[in-house]
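Inside the fold
One-letter residues, chain by chain:
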Amino acid sequence: IAGITQAPTSQILAAGRRMTLRCTQDMRHNAMYWYRQDLGLGLRLIHYSNTAGTTGKGEVPDGYSVSRANTDDFPLTLASAVPSQTSVYFCASSRAGATDTQYFGPGTRLTVL
Amino acid sequence: AQSVAQPEDQVNVAEGNPLTVKCTYSVSGNPYLFWYVQYPNRGLQFLLKYITGDNLVKGSYGFEAEFNKSQTSFHLKKPSALVSDSALYFCGVYGTGRRALTFGSGTRLQVQP
């Protein structure tokens, strides 16, 4: 059982380029989340999805979009990357919702130049 | 709004000594409280959670946390620290009507041999 996988592991991106971070889980969890981790700020929620077909905005959604076409996949897209989006991005999932234990992927380190 | 404070950026403790990592919170309604640990270059891993019941919660790797409603605290503790406990620890809170967990900024635990 892989749990949650994220791709790529790391990426250097020119400002203005479009980028999609991939996240796949094999636990059949209903809820999925995207966080960014920045030094001194901890983890901040970008977007979430409580079930396939629905998404919602988190604390820092600007410049990001998500989709949830099926249970397993939850891609995060940066339409036009900016240097302030340089961060480590974590995808997570939980069985039913925010009160359940979340399982995290290994992260994607993104650098926008 | 819900919030979490981890007042210490770093905690240093000698191996074999007890450790405490502090967390205070602010939420509407009854809180769901979580502790996660992050090892270098890894995603977060669940340690323990409080939903209701006994104020002392026992979790993975010998960690425990005490819920104190009057002080709105949920400090993480371990009776005897190990060098392998050195990591970044995050406290999280979920309150009534909220969309997702709010995490603190994290506390780095350094256990010296």
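You'll find the structure just up there.
Criteria and cut-off values
- Residues numbered from 1 in each chain as written.
- Chains lettered and ligands numbered in written order.
- Predicted model: local features only at pLDDT ≥ 70, side-chain atom pairs only at ≥ 80, totals over all residues.
- Heavy atoms only, no water.
- Helix = DSSP H or I, 4+ residues; strand = E, 2+ residues; numbered from the N terminus.
- Rg over C-alpha atoms; globule rule 2.2 N^0.38 Å.
- Buried < 20%, exposed > 50% of the residue type's maximum accessible area, 1.4 Å probe, protein only.
- Contact = heavy atoms within 4.5 Å.
- Buried area = accessible area lost by both parts, 1.4 Å probe.
- Salt bridge = Lys/Arg side-chain N within 4 Å of Asp/Glu carboxyl O.
- Polar contact = N/O pair within 3.5 Å; in protein donor to acceptor, adjacent residues only side chain to side chain.
- Nonpolar A, V, L, I, M, F, W, Y, C, P; charged D, E, K, R; others polar.
- Phe/Tyr/Trp six-rings, centres within 6.5 Å; stacked < 30°, edge-to-face > 60°.
- Disulfide = S-S within 2.5 Å.
- Core = buried A, V, L, I, M, F, W, Y, C linked by side-chain atoms within 4.5 Å.

Before going further, it helps to examine the overall build of chain A. Helix and strand content of chain A: 0 helices and 11 strands. Its helices and strands taken in sequence order, chain A reads β-β-β-β-β-β-β-β-β-β-β from the N to the C terminus. Its C-alpha atoms give chain A a radius of gyration of 13 Å, within 12% of the compact-globule value 13 Å for 113 residues. When its C-alpha atoms are laid out on the principal axes, chain A stretches across 35 × 30 × 25 Å. Counting the 113 residues in chain A, one finds 51% classified as buried.

Taken together, the contact pairs 20 residues of chain B with 21 residues of chain A. Both sides of the chain B and chain A interface together cover about 1600 Å² of buried area, and 59% of this is carbon and sulfur. Sorting the residues of chain B by area buried against chain A places L44, R99 and F103 of chain B first, and these three jointly supply 33% of that buried surface. Our count for the contact surface shared by chain B and chain A stands at 0 salt bridges. Run the count over chain B and chain A and you get 2 residue pairs in polar contact (both at pLDDT 80 or more). Breaking the side of chain B that touches chain A down by element, the ones donating at least two residues are β5 (32-38), β6 (44-50) and β10 (87-94) of chain B. Broken down by element, the residue count for the side of chain B that touches chain A peaks at 4 residues, all from β5 of chain B. Tallied by class, the residues present in the side of chain B that touches chain A amount to 12 nonpolar, 5 polar and 3 charged.

What follows concerns the packing of aromatic side chains. Residues and elements named next belong to chain B. Counted according to the given criterion, the structure contains 14 aromatic pairs over all chains. Between the aromatic rings of F34 and Y36, the centroid separation amounts to 6.2 Å while the plane-to-plane angle is 20°, which identifies the pairing as stacked. F34 sits in the buried class, given a relative accessible area of 0%. Residue Y36 is classed as buried on the basis of its relative accessible area, which comes to 0%.

Under the definition given, this model contains 2 disulfides over all chains. Here C23 of chain A connects covalently by a disulfide to C91 of chain A, the sulfurs 1.9 Å from one another. Sign of the S-S torsion, about -70° for the bond between C23 of chain A and C91 of chain A, identifies this disulfide as left-handed. One end of the pair, C23 of chain A, is in strand β3 (residues 19-25); the other, C91 of chain A, is in strand β9 (residues 87-94), and 68 residues separate them in sequence. Disulfide pairing is shown between C23 of chain B and C91 of chain B; the S-S distance is 2.0 Å. Around the S-S axis, the bridge from C23 of chain B to C91 of chain B shows a dihedral of about -60° and counts as left-handed. Highlighted residues: C23 of chain B in the loop between β3 (19-21) and β4 (24-26) and C91 of chain B in strand β10, separated in sequence by 68 residues. Just as C23 of chain B is buried, C91 of chain B falls in that class too.

This next bit is on the nonpolar core. Residue and element names in this part refer to chain B. Core analysis: the biggest nonpolar cluster contains 26 residues, and W35, L47, L48, F74, L76 and Y89 have the highest contact counts within it. Taken together, the elements giving at least two residues each to this core come down to β2 (10-14), β3, β5, β6, β8 (64-68), β9 (73-78), β10 and β12 (107-112). Ranked by the residues each element gives to this core, the list is headed by β10, at 4 residues. Setting aside residues no more than four positions away along its own chain, L76 makes contact with L19, T20, V21, W35, L47, L48, F63, E64, A65 and Y89.

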